[in-house]
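The lines below spell out each chain.
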Amino acid sequence: MARTNYFDVIIVGGSYAGLSAAMALGRSLRNVLVIDSGLPCNRQTPHSHNFITQDGEAPLAIGRKAREQVMRYRTVHFLDDVALGAVKTTGGFTITTKSGAIAIGKKLIFATGIEDRLPNIKGFAPCWGISVIHCPYCHGYEFRDQRTGILANGDRAFHLASLVNNLTDKLAILTSGAPTFTSHQFAGLKRHAIEVIDANVIEIVHRDGRLEGVVFEDGNTVPFHALYAAVPFVQHSDIPVSLGCELTEHGHVKVNHSQQTTVAGIYACGDNASPMRSVANAVAAGNFTGATVNKVLVDEGF
């Protein structure tokens, strides 16, 4: 890419949502730039599930194939780089990157994902996305009927337990502190024989990311094959907020039914704008966003 270029749309983030948006726009002959650093959040996950035609495929393989297909569209351009900042200008936005490149676009799409803030528990990070997991729909079937833990408390733990209980009856909640369930929730857990362990978790025992057990502060080690964890997150990129985009109370970029943010001309799709974290949802959201932005450009220019 030349040091300065002009585009109809600049897409920051070239994983599933960003590539899907780029394909929709490329098929309408929009001049598009995709800026991506090549570090998707699920790069450690061995298999992607609940995505029709791609069930069981490696996420990185899906991403590579997607990029190869999008690159066939001659009006879509790629820049392997990191977007550092953006400013609104007359008629659009200017993006600057780590390498010093400058790109100007009429519209921006942020498909930048989120960054999980993993707890400081020994063994947690090597298992994340493999056997320490976040989503029953993405991973639950593979751990059906197996000894499973939920590392969470209160409403979040109860919500996960209600979903996972349909997949296994060998289920325990690890609150790592005093439980904060309501009396109604306690009754529901008891009715389904879901154990609650309140000792602090200090270590995840694993072999190459495959969970074997959980070590507690009281010295006990309990065997598990899978552990769901509700971890906090932050936006992977702070550029949307710097441009004035609002976040929801849960920390996602706030978008309307057209995936437009609270700033005109800026759109967001994928994990950064939705609590439904899955490859299938990111692809769908990206495709819709690309079509929406194309229609906006048509209405402005026709």
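Just above sits the structure.
Residues numbered from 1 in each chain as written. Predicted model: local features only at pLDDT ≥ 70, side-chain atom pairs only at ≥ 80, totals over all residues. Heavy atoms only, no water.

Caption draft 1: Just the pattern of salt bridges, in detail. Taken as a whole, this structure holds 12 salt bridges when the rule is applied. Salt-bridge contacts for R117 lead to E115; the nearest nitrogen and oxygen are separated by 3.8 Å. Relative accessible area serves as the criterion here: at 45%, R117 is assigned to the partly exposed category. Under the relative-accessibility criterion, E115 is labelled partly exposed at 35%. E212 is the partner of R207 in a salt bridge, and the nearest nitrogen-oxygen pair spans 3.3 Å. Among the charged side chains, a salt-bridge network with shared partners connects D116, D271 and R277. (Salt bridge = Lys/Arg side-chain N within 4 Å of Asp/Glu carboxyl O. Buried < 20%, exposed > 50% of the residue type's maximum accessible area, 1.4 Å probe, protein only.)

Caption draft 2: The pairing of strand β5 (residues 92–97), seen in detail. Within β5, five of the six residues are buried, which leaves the element mostly enclosed by the surrounding structure. When strand β4 (residues 83–89) meets β5, the two strands line up antiparallel, connected through six bridges. When the sheet's bridge partners are listed, A83 is paired in β5 with T97. Hairpin connection of β4 to β5: two residues between the antiparallel strands, including G91 at a positive phi of 85 degrees. With four bridges connecting them, β5 and strand β6 (residues 102–110) associate as antiparallel partners. When the bridges of β6 are listed, I95 appears paired with A103. Hairpin connection of β5 to β6: four residues between the antiparallel strands, including G100 at a positive phi of 100 degrees. (Helix = DSSP H or I, 4+ residues; strand = E, 2+ residues; numbered from the N terminus. Pairing = 2+ DSSP bridges.)

Caption draft 3: Expanded view of the pairing of strand β2 (residues 32–36). Burial analysis of β2 places five of its five residues in the buried class, the great majority of the element. On β2, burial covers both faces: V32, V34 and D36 on one face and L33 and I35 on the other are all buried. Where β2 lies against strand β3 (residues 76–80), five bridges are found, and the strand directions are parallel. From the neighbouring strand, V32 faces β3, where its bridge partner is V76.

Caption draft 4: Seen up close, the packing of helix α1 (residues 16–26) against helix α2 (residues 59–70). Two numbers describe how α1 lies on α2: the axes approach to 10 Å, and their chain directions differ by 20 degrees. Classified by the interaxial angle, the pair formed by α1 and α2 is roughly parallel. Between α1 and α2 lies a crossing of left-handed hand. The residues of α2 that touch α1, namely those facing Y16, L19, A22 and M23, are P59, L60, I62, G63, A66, R67, Q69 and V70. Broken down by class, the residue content of the contact of α1 with α2 amounts to nine nonpolar, two polar and one charged. (Axes fitted to C-alpha atoms, helices over the stretch in contact; angles between N-to-C directions. Parallel < 35°, antiparallel > 145°, perpendicular 65-115°, else oblique. Left-handed = near helix turned anticlockwise from the far one by under 90°. Contact = heavy atoms within 4.5 Å. Nonpolar A, V, L, I, M, F, W, Y, C, P; charged D, E, K, R; others polar.)

Caption draft 5: Broad picture of helix α5 (residues 154–164). Burial in α5 covers these residues: G154, A157, L160, A161 and V164. Looking down the long axis of α5, one finds its buried residues gathered within 125 degrees of arc, a one-sided arrangement. Looking at the buried side of α5, the elements it contacts are α4 (136–139), β9 (148–151), β10 (171–174), α6 (183–191) and β15 (226–229). (Arc of directions from axis to C-beta.)

Caption draft 6: Representation of the sheet that holds β15. Ordered in space as β8-β15-β9-β10-β11, the five strands form an open sheet in which the pairing is parallel. Edge strands, defined here as strands with exactly one partner in the open sheet, are β8 (132–133) and β11 (195–197). Across four bridges, the pairing between β9 and β15 is parallel. In the strand pairing of β15, G149 is matched with L227. The sheet contacts of α5 involve β9, β10 and β15, and relative to β9 the element is tilted by about 160 degrees.

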